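Here is how the chains run, residue by residue.
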Amino acid sequence: MLTLFAKHAVIDLRLKAAGDLEVDAHHTVEDCGIALGHAFVQALGDKKGIRPIRSGFHPKNPFTGEAYVPMDECLARCVIDFSGRPYLVWRGLDNAAYKRLSVSEKKQDFSTAFRFGLAREFFQGFANEARCNLHIELLYGDEPHHIVEAIFKAFCKGGGCCLQQDPRISGQLPSTKGKL
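Residues numbered from 1 in each chain as written. Predicted model: local features only at pLDDT ≥ 70, side-chain atom pairs only at ≥ 80, totals over all residues. Heavy atoms only, no water.

Asker: Got a minute to help me understand the pairing of strand β2 (residues 74-81) in this structure?
Answerer: A regular strand places its side chains so that they alternate between the two faces of the sheet. The element β2 is extensively covered by neighbouring structure, given that seven of its eight residues are classed as buried. The sheet contact formed by strand β1 (residues 67-71) and β2 spans five bridges and is antiparallel. What sits directly across from Pro-70, in β2, is Leu-75. In this structure, the hairpin formed by β1 and β2 is closed by a connection of two residues, where Asp-72 is found at a positive phi of approximately 55 degrees. In this sheet, strand β4 (residues 133-140) lies alongside β2 in antiparallel orientation, the contact comprising seven bridges. What sits directly across from Ile-80, in β4, is Leu-134. (Buried < 20%, exposed > 50% of the residue type's maximum accessible area, 1.4 Å probe, protein only. Helix = DSSP H or I, 4+ residues; strand = E, 2+ residues; numbered from the N terminus. Pairing = 2+ DSSP bridges.)

Asker: Help me understand the packing of aromatic side chains in this model?
Answerer: What the rule picks out here adds up to ten aromatic pairs. An angle of 80 degrees between the planes, with centres 6.4 Å apart, marks the rings of Phe-82 and Phe-126 as edge-to-face. With Phe-82 in the loop between β2 and β3 (87-91) and Phe-126 in helix α6 (residues 116-130), the pair connects residues that are 44 residues apart, well separated along the chain. Of the residues examined, Phe-126 reaches a relative accessible area of 0% and is grouped as buried. Judged by centre distance (5.1 Å) and plane angle (85 degrees), the rings of Phe-122 and Phe-123 are edge-to-face. There is no split in this pair, since Phe-122 and Phe-123 are both buried. Put simply, the rings of Phe-40, Phe-82, Trp-90, Phe-122, Phe-123, Phe-126, Phe-152 and Phe-155 pair up and form one aromatic cluster. (Phe/Tyr/Trp six-rings, centres within 6.5 Å; stacked < 30°, edge-to-face > 60°.)

Pasting the structure below:
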């Protein structure tokens, strides 16, 4: 999913991780989110001229920054604001978060066997370290592989766009408070 993130966010990303995977993936996955959040903080620098909340918009409200990403039968949404206030909203995935996997599901590809509770830990680690408001929502979907791909693509569209400079506010903080 991090390779997918780098491709669709149009960023260079190399991450080397080592962990106690023989025990479980929890801390390794969480630490990857923390490392990515730290990289975003460095990439954003003083945040002058960034697009703080942007990656497309909902047609009924063009003033919001939402990324909607379809993946076959799934639809996911992600909204990110690098406001300096860490907060994660995680909706529509709780039923699958700690679901027990059947033997046949465990033998399928890794994204099918990946527990959504781990994805939540990744995004919580990212939001805490990047000091951003991160809202991720699965609007609908059934296939675990498609769900994981849809939420990561929505995340990368939102996150990658925030790294872009907006020439209309070059050299300015995108805040009325004077700091982010």
